Amino acid sequence: MSDQSQPSKPHGPDRRGFLQGAGLVGVGAALSESLLQAAEKPLAPELSNVGPDKIPRKPFGRTKEQVSCIGIGGFSLASAPSLKEAIAIAHEAIDAGVNFFDNAWEYHAGKSEDWMGQALKGKRVKVFLMTKVCTHGRDKKVAMQQLEESLKRLQTDHLDLWQIHEVVYENDPDLHFAKGGVVEALDEAKKAGKVRYVGFTGHKHPAIHLKMLAHDYPFDAVQMPLNAFDASYRSFAKDVLPEVNKRGMAGLGMKSLGGNGQPITKGVVTVEEALRYAMSLPVATTISGIDSLAVLRQNLAIARGFTPMTAKEMETLAKRCAAGAGDGHLELYKSTMKYDGDLGREQHGFQSHKELPL
Amino acid sequence: MTDADRNHAKTTEPALARRQFLRTAGLTGASVALSSGSAEATQKPEPAKDKPKDPDAGAGDIPMRSFGKTDVKVSAIGVGGHHIGEFTAVEDATRLVHEAIDAGITFFDNCWEYFNGRTENWMGGALKGKRNKVFLMTKVCTHGRGADLAMNMLEESLRRLQTDHLDLWQVHGVTFDNDPELAYAKGGVLEALDKAKKQGKTRFVGFTGHKDPAIHLDMIKRGYPFDAVQMPLNILDGSFRSFEKLVLPELNKRGIAALGMKSMNGTAAAIKKGLIKAEDMLRYAMSLPVATTICGMDSLQILRQNLRVARGFKPLTDDQMKDLRDRHAKAAGDGSYELYKMSLRYDNPEARLPHGFPLDSTQREVKEMFKEAGGP
């Protein structure tokens, strides 16, 4: 366990101030002199492990942990054609210097955790391992059972980060913070030494994330969709990320390519632009869905020797994306119900995807 | 202007003045007893000869309510323009309009872009000789474009509706995050609203939208003196991204007339699934502090069903409303019954096009958009 008693300040107030001030919304606000200076600087926190062949690392919130600027998404890993390829992806990533590994209890009905557990055999100490708990409103007891299952599948005695998965419904914050709810399980798991850090994730609406944060619970991490389109549509970067950084929590980005790669296939942005933009935000890591060695190598090439974009470069890209972003069709996880998982839907009493009039 | 129209433009309609003693129902949410006395009965329009006797017709008049802070009164239920275009024959559409007027409905909704003008054309025909009996609204469909285009649309709407003025002209479908910015821009559609008012071509102005309370609030808080604002209001909205909770109080505070729509969630999916009764949905919407509830009615049967609820309407109590809201809060929570909020499929292609958003060529509305205008 690392020492959390001496919080560092990964994101200085000047950068944060600029992020809020310029808004990254691409409305073309006039920049003041000092902002123009700030615009030449990157928004991303201080990098370590820098060098042309290295995957840079960033501070995990105000802790002393350093995590790789790109992380391996657990869902996509188990979408690889075989266990063998999944293991090859994980090993090649670790060898390249990636240490952040994402997962969730419910991904592929456990296969994602199973495969990652096998891939990490003998390499557990090299990674910062995260998985998510999927109570979707159910109580602490369910959460603790899921934790035991996750640990068993991942073949470890502790997680580095355990997050509440998919906070997407407006009553989720109430359910999670209810007496006997999942938040109590986070405390219990931490105390028992089964997890080092805790957090929550969600893809739906900044207002729901803010509702979670308003409870003032000491989350260590908060995960959210962050990309060049988010900058001008129901924006997590604008509304949530500054709040997360203010509290010294680690911001974790996901869906850097819009969730389904549509912005890439439609030619709105290149993979490199999209990934560099996401990694240049003031986040600890950007979790990337990688289901083949080809995609891994493509993304590693972008992350290796990564230097963050300047705020000005980011604004230019966000501006270019703003026109197509405004209706949410490039971020369907926000604008539709298509990304809301069936387990969560079932727990809330909603009809399954099959029945949805999508 | 005809004499009747001129009179109508300056004061409330004479035909309605007699009803002004009726207290506005709903503004307090409290139950208000509505008069249906004999003095009313003697002045009622002659019922149509072919009007069937309906034992469940509902007793009393359609309540009239204040249109915001003005002296104007409108019927508590309104006829939606879009559904008028669903009829295959103009005669059927005309019959519905006439029966609605005879029953005491005054509020008529329409929109420049509905069915490429067919619904305005048909309504114009149906209102011939009856213009002074109604409060006529249509909408302008610039979707971010400027005031000049808006004024052209206004002239077309007036011509199709066969009138020299509207009672209410609204900016249609404020849906996208940047719509408020575009409307308020120099040379934007709001300048057309001012101009149309000054020229006497519309008495009141407003805007409509179905997407997000935050966008409505943005429009309102930028400060333009709208007379009316239209939004989806129904039992499920009461507990999901709620216009009722977030927008409606703001309107009433400012004396802006609130206009409800989608009382049955647009698709009536909750009714078809047996979750909620149609009557409860309409009663709930009409019990909110709104000037009127605009209903899509594509058959005489639906009109009559709605009239049964609206005649002598007594608003639900706060407790009854809360009970309905709470009972269905769980089903409301993912927005699957309010697809206009939670899907892109309700985003009007006529609005997506000028915004540069892609169109789905398989969508019925997109096909409709490229059809020729119909009607007489």
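Being a predicted model, the structure only gives us computed values, none of them experimental.

J.: Sorry, what's going on with the overall build of chain A here?
T.: The secondary structure content of chain A amounts to 17 helices and ten strands. Expressed as a percentage of its 358 residues, the buried residues of chain A come to 53%.

J.: Explanation requested: the overall build of chain B in the structure shown.
T.: Looking only at helices and strands, chain B features 19 helices and ten strands. Among the 376 residues that make up chain B, the fraction classed as buried is 51%. Taking the intrachain contacts of chain B between residues at least 6 apart in sequence as the baseline, contacts between residues at least 24 apart amount to 79%.

J.: What is the right way to look at helix α15 (residues 311–325) of chain A in this model?
T.: What sets the pattern is the α-helix's 3.6 residues per turn: residues three or four places apart point alike. Along its length, α15 of chain A reaches its greatest deviation from straightness, about 25°, at lysine 319 of chain A. Considered for burial, the residues of α15 of chain A that qualify are Ala311, Met314, Glu315, Leu317, Ala318, Cys321, Ala322, Gly324 and Ala325 of chain A.

J.: Even after reading the chapter, I still don't get the interface of chain A and chain B, so can you show me in this structure?
T.: Taken residue by residue, the interface counts 21 residues in chain A and 20 residues in chain B. Within the side of chain A that touches chain B, the residues separate by chemical class into eight nonpolar, nine polar and four charged.

J.: How should I be thinking about the pairing of strand β5 (residues 135–140) of chain B in this particular structure?
T.: Residues and elements named next belong to chain B. Of all six residues that make up β5, six are buried, and the element is covered over most of its length. Taken together, the two bridges between strand β4 (residues 107–108) and β5 define a ladder with parallel strand orientation. Residue pairing across strands places phenylalanine 107 opposite phenylalanine 135, the latter belonging to β5. One ladder, built from four bridges, connects β5 with strand β6 (residues 166–171); its direction is parallel. Within the sheet, the bridge partner assigned to valine 140 lies in β6 and is valine 171.

J.: For this particular structure, what's the right way to read the pairing of strand β7 (residues 202–208) of chain B?
T.: A regular strand places its side chains on the two faces of the sheet in alternate fashion. Residues and elements named next belong to chain B. For β7, the buried fraction is high: seven of the seven residues fall into the buried class. Two strands pair when backbone bridges link them, and β6 and β7 are joined in this way by five bridges, in the parallel orientation. Of the residues in β7, the one forming a bridge with tryptophan 169 is valine 205. Examined bridge by bridge, β7 and strand β8 (residues 228–232) share three bridges and lie parallel to one another. By the bridge assignment for β8, threonine 208 is matched with glutamine 230.

J.: I would appreciate a short explanation of the sheet that holds strand β10 (residues 285–288) of chain A in the present structure.
T.: Pairing between sheet strands relies on hydrogen bonds along the backbone, with the strands arranged either parallel or antiparallel. All names here are of chain A. On the basis of which strands lie adjacent, the closed barrel formed by eight strands has the order β3-β4-β5-β6-β7-β8-β9-β10 and parallel pairing. Relative to β10, strand β9 (residues 250–254) runs parallel, the two being bridged by two bridges. In the strand pairing of β10, glycine 253 is matched with threonine 286. Docked against the sheet, helix α6 (residues 140–154) engages β5 (128–133) and β6 (159–164), running at close to 145° with respect to β5.

J.: Looking at this model, I keep getting lost on the packing of helix α4 (residues 83–96) of chain A against helix α14 (residues 293–303) of chain A. Mind explaining?
T.: When two helices pack together, you describe them by how their axes are tilted relative to each other and by the distance separating the axes. All names here are of chain A. Put simply, α4 and α14 touch, their axes get as near as 10 Å, and they point 15° apart. Here α14 runs roughly parallel to α4, going by the angle between their axes. Pair α4 / α14 crosses with right-handed handedness. Where α4 approaches α14, its residues Glu85, Ala88, Ile89, Glu92, Ala93 and Ala96 are matched on the opposing element by Leu293, Leu296 and Leu300. Partitioning the contact of α4 with α14 into residue classes produces seven nonpolar, no polar and two charged.

J.: Can you walk me through the confidence of the model for chain A in this structure?
T.: Close inspection of predicted coordinates is inappropriate in any region flagged by low pLDDT. Model confidence for chain A is summarised by a mean pLDDT of 90, while 89% of its residues fall at 70 or above. Predicted confidence for residues 1–32 of chain A stays below pLDDT 50, and this span has 58 contacts to residues more than four positions away or in other chains.

J.: Any chance you could explain unusual backbone geometry here in plain terms?
T.: Glycine aside, residues mostly have negative phi, and peptide bonds are mostly found in the trans state. Residue and element names in this part refer to chain B. With a phi angle near 55°, asparagine 116 is a residue other than glycine that sits in the positive phi range. Locating asparagine 116 in the fold gives a position in the loop between β4 and α6 (118–126). Residue classification places asparagine 116 among the partly exposed positions, given that 19 C-beta atoms sit within 10 Å. A positive phi angle, close to 55°, is found at lysine 262, a residue other than glycine. Position of lysine 262 relative to the elements: it lies in the loop between β9 (257–261) and α13 (269–272).

J.: Sorry, what's going on with the packing of helix α5 (residues 90–103) of chain B against helix α15 (residues 300–310) of chain B here?
T.: Residues and elements named next belong to chain B. The N-to-C vectors of α5 and α15 enclose an angle of 15°; their axes lie 10 Å apart at closest approach. Between α5 and α15, the angle falls in the class roughly parallel. Pair α5 / α15 crosses with right-handed handedness. Across the interface between the two elements, Arg95, Leu96, Glu99, Ala100 and Ala103 of α5 pack against Leu300, Leu303 and Leu307 of α15. Across the contact of α5 with α15, the residue classes tally to six nonpolar, no polar and two charged.

J.: Is there a simple way to explain the sheet that holds β9 of chain B in this structure?
T.: Residues and elements named next belong to chain B. Read once around its circumference, the closed barrel built from eight strands follows the order β3-β4-β5-β6-β7-β8-β9-β10, with strand pairing classed as parallel. Pairing between strand β3 (residues 77–79) and β4: two bridges, direction parallel. For valine 79, the partnering residue across the bridge sits in β4 and is phenylalanine 108.

J.: Explain the nonpolar core to me, please; I cannot follow it from the model alone.
T.: Generally speaking, nonpolar side chains in soluble globular proteins are found buried as a group. Counting residues in each nonpolar core, the largest one holds 94 residues, and the members touching the most others are Val97, Val140, Val189, Val229, Ala258 and Leu259 of chain B. Of all hydrophobic cores here, the second largest spans 93 residues; its members include Leu43, Val98, Ala143 and Phe219 of chain A.

J.: What should I look at first to understand α5 of chain B in this one?
T.: All names here are of chain B. In this model, α5 (14 residues) spans 20 Å end to end at C-alpha, consistent with the 20 Å of a helix rising 1.5 Å per residue. Within the span of α5, buried status applies to Ala93, Leu96, Val97, Glu99, Ala100, Ile101 and Ala103. On its buried face, α5 is in contact with β3, α4 (81–84), α6 and α15. Taken from the residues just after α5, glycine 104 is the one with a positive phi, measuring 110°.

J.: Could you clarify how one ought to interpret the confidence of the model for chain B in this entry?
T.: All names here are of chain B. For chain B, the mean per-residue pLDDT works out to 86, and 83% of the residues sit at or above 70. The model gives residues 1–55 a pLDDT under 50, and that stretch makes 69 contacts with residues more than four places away or in other chains. In the predicted complex, the global pTM is 0.82; the interface-specific ipTM is 0.78.

J.: Whenever I open this one, the environment of phenylalanine 135 of chain B confuses me. Can you help?
T.: Residues and elements named next belong to chain B. For phenylalanine 135, the location among the structural elements is in strand β5. Given 26 C-beta atoms within 10 Å, phenylalanine 135 falls into the buried group. Residues phenylalanine 135 and threonine 106 lie 29 residues apart in sequence; the distance between their C-alpha atoms is 5.5 Å. Leave out the neighbours within four places in its chain, and phenylalanine 135 touches Val74, Thr106, Phe107, Phe108 and Asp167.

J.: Before we go on, may I ask you to explain the environment of glycine 146 of chain B in this structure?
T.: Relative to the elements of secondary structure, glycine 146 of chain B occurs in the loop between β5 and α7 (147–161). Sequence separation between glycine 146 of chain B and glutamine 230 of chain B is 84 residues, and the spatial gap between their C-alpha atoms is 21 Å.

Definitions and limits used
- Residues numbered from 1 in each chain as written.
- Chains lettered and ligands numbered in written order.
- Predicted model: local features only at pLDDT ≥ 70, side-chain atom pairs only at ≥ 80, totals over all residues.
- Helix = DSSP H or I, 4+ residues; strand = E, 2+ residues; numbered from the N terminus.
- Buried ≥ 20, exposed ≤ 12 C-beta atoms within 10 Å, placed from the backbone.
- Contact = placed C-beta atoms within 7 Å.
- Bend = angle between axes of the 7 residues up to and from the residue.
- Nonpolar A, V, L, I, M, F, W, Y, C, P; charged D, E, K, R; others polar.
- Pairing = 2+ DSSP bridges.
- Axes fitted to C-alpha atoms, helices over the stretch in contact; angles between N-to-C directions.
- Parallel < 35°, antiparallel > 145°, perpendicular 65-115°, else oblique.
- Left-handed = near helix turned anticlockwise from the far one by under 90°.
- pLDDT = per-residue confidence, 0-100.
- Core = buried A, V, L, I, M, F, W, Y, C linked by C-beta atoms within 7 Å.
- Expected span 1.5 Å × (residues − 1).

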